[in-house]
Amino acid sequence: MIIGTRGSRLALVQTRKVAALLKEKGIETDEQIIKTDGDRFTDRPLYQVSTGVGAFVRELDDAMVADGIEIAVHSMKDLPTARPPELITAAVLPRDSPYDVLLTPEGLTIDELPKNAVIGTSSMRRRAQLLRYRGDLVIEELRGNIDTRLRKLEEGQYDGIILAEAGLERMGWTDRVRTRLDIDMFCPSPNQGTVAVVALAGTPAVKAVSLLNDEMSQIETKIERLVVRDLEGGCTTPIGSYAKFEQNGTKIRVRAEVLSCDGTKSIKVDEKISAGNWEKEAEALGKFLADSGGKLLAEEAVCHIRELKGEKGTN
C-alpha cells in the first residue's frame, strides 16, 4: 500500500511510525511525499495561504482521490471538519501530549519573561491566549517546520517560541522542554497531539488501518470537534478544545473556548459529560458555547482575519 505524507521531518517520523505499526500487522507500505501549500508558502501567516482551511491537507486529499494513494498520515489538528466523501479517517493513534510548551534559550517560564518579550507563533489561538495572559508580550509570526522554528530561536530572532509538545516528543527532543503551559489557561487546538490515518474508501486500506485505531482517543477527538462545530470559525481562528476521559472511563472532561484575536475577550466552557452519552452531551455543550456569545466572537475573529488578509468580507 502507498502512504502519502508531507516531507517535513516531523511528518516523516509520524508516517514511518504508522508504516512500522502496519508492518507489525503484516502489511507492507511504500512512502510517497507530497508537498502542500502550507509547506510551500512559509513566508506568510497561515491565514494568508491561498487554500486557507486545510493548508497542510488539500494536496494529499487530491492525490488520494485522483491517483489512488490508499493511505495518508496527518497531524489530526490539521484536518478540516468537512472531508471528501471518498476519504475515511480510519484510525486515530493513541494520543501524545496535548500541551503547548514555551521554549526560551534560558529556560524561562512565561512569568519570568522580560517585559515586551518577543514570542514567535504561527497560531492565532496561541497569539490570543498569550496576549490574554500577558498583554505586554510582542507576538511575531513564526513559520517553517519544527527544525526551522528551533533554529530561529537559537539565532536570537525571538525571546521565546510556542510549540506543541507532541511534536517535540515524536522527534525525541523532550530535553528542550522547560515550560509546559497550563491547559486551563492555554486550551489546545482541537485534536492537538493526535495523529490521524486516512484511508481511501472502498479499498483494503480501510480495514487494515482500522487495526491501529485507539477508541478512547478517537472519541476524545470527535468530542473536541463537536463542541466547537457550531462556532464555524475554522482552524485559523482563536479556538481551543480539549476532551479527556477520567473517573474510570465513566466521565469525560471537556474544555473549550473561543477568543478575540487580541485576547481581550473570551467565552469558555468546562464541564464533565457522560461517556455513555458523549455525542449528544457534546453537541449540547457546543450549542451552549455558541449561544453564550461564542459564535459571535468567532465571527468577529473571522472578520478581523479577513481584514488582515485585505479581503472585503460581509457580515
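Numbering of residues starts from 1 in every chain and runs along the sequence as written. Residues qualify for local features only when their pLDDT is at least 70, as the model is predicted, and side-chain atom pairs are given and counted only at 80 or more; totals for whole chains, interfaces and linings, by contrast, use all residues. Note that the side-chain values use all heavy atoms of the structure and ignore hydrogens as well as water.

Draft legend 1. Representation of the pairing of strand 12 (residues 251-259). Exposure classes here rest on a 1.4 Å probe applied to the protein chains alone. A residue is buried below 20% of its type maximum, exposed above 50%, and partly exposed in between. By the criteria applied, helices consist of DSSP H or I runs no shorter than four residues and strands consist of E runs no shorter than two, each listed in order from the N terminus. Burial runs high along strand 12: seven of the nine residues are buried. Each pair of strands is called paired provided DSSP finds at least two bridges between the two strands. As paired strands, strand 11 (residues 239-246) and strand 12 are joined by eight bridges and run antiparallel to one another. Pairing of Ile-239 across the sheet is with Val-258, part of strand 12. In sequence, strand 11 turns back onto strand 12 through a hairpin of four residues, with Gln-247 there showing a positive phi of about 50 degrees. Summarising the sheet, strand 12 and strand 13 (residues 266-274) pair through nine bridges and their orientation is antiparallel. Within strand 13, the residue paired with Arg-255 across the bridge is Asp-270. Hairpin connection of strand 12 to strand 13: six residues between the antiparallel strands, including Gly-263 at a positive phi of 75 degrees.

Draft legend 2. Structural context of helix 5 (residues 146-154). Burial in helix 5 covers these residues: Ile-146, Arg-149, Leu-150, Lys-152 and Leu-153. Buried residues of helix 5, viewed axially, fall in a sector of 160 degrees; they line one side. Note on definitions: a residue-residue contact is assigned when non-hydrogen atoms from the two residues lie within 4.5 Å. Residues of helix 5 that are buried in the fold lie against helix 1 (9-24), strand 5 (100-103), strand 8 (160-164) and helix 6 (165-171). Within 3.5 Å is the distance limit for a polar contact, defined as a pair of N or O atoms, with the added protein rule that one can donate a hydrogen and the other accept it, and that residues adjacent in sequence qualify only through two side-chain atoms. Where helix 5 begins, the capping side chain belongs to Asn-145, and its oxygen is found 3.2 Å from the backbone nitrogen of Asp-147. Note on helix 5: the residue one or two positions beyond its end, Gly-156, has a positive phi of about 85 degrees. Note that the arc is computed from the directions linking the helix axis to the C-beta atoms.

Draft legend 3. Spotlight on the environment of Leu-113. One can find Leu-113 in the loop between strand 5 and strand 6 (118-121). On the accessibility criterion, Leu-113 (5% relative accessible area) is buried. Placed 24 residues apart in sequence, Leu-113 and Leu-137 show a C-alpha to C-alpha distance of 8.8 Å. In contact with Leu-113, not counting residues within four places along its chain, are Leu-102, Thr-104, Leu-108, Ile-119, Arg-134, Leu-137 and Asp-159.

Worth remembering: the numbers are spatial, not functional.
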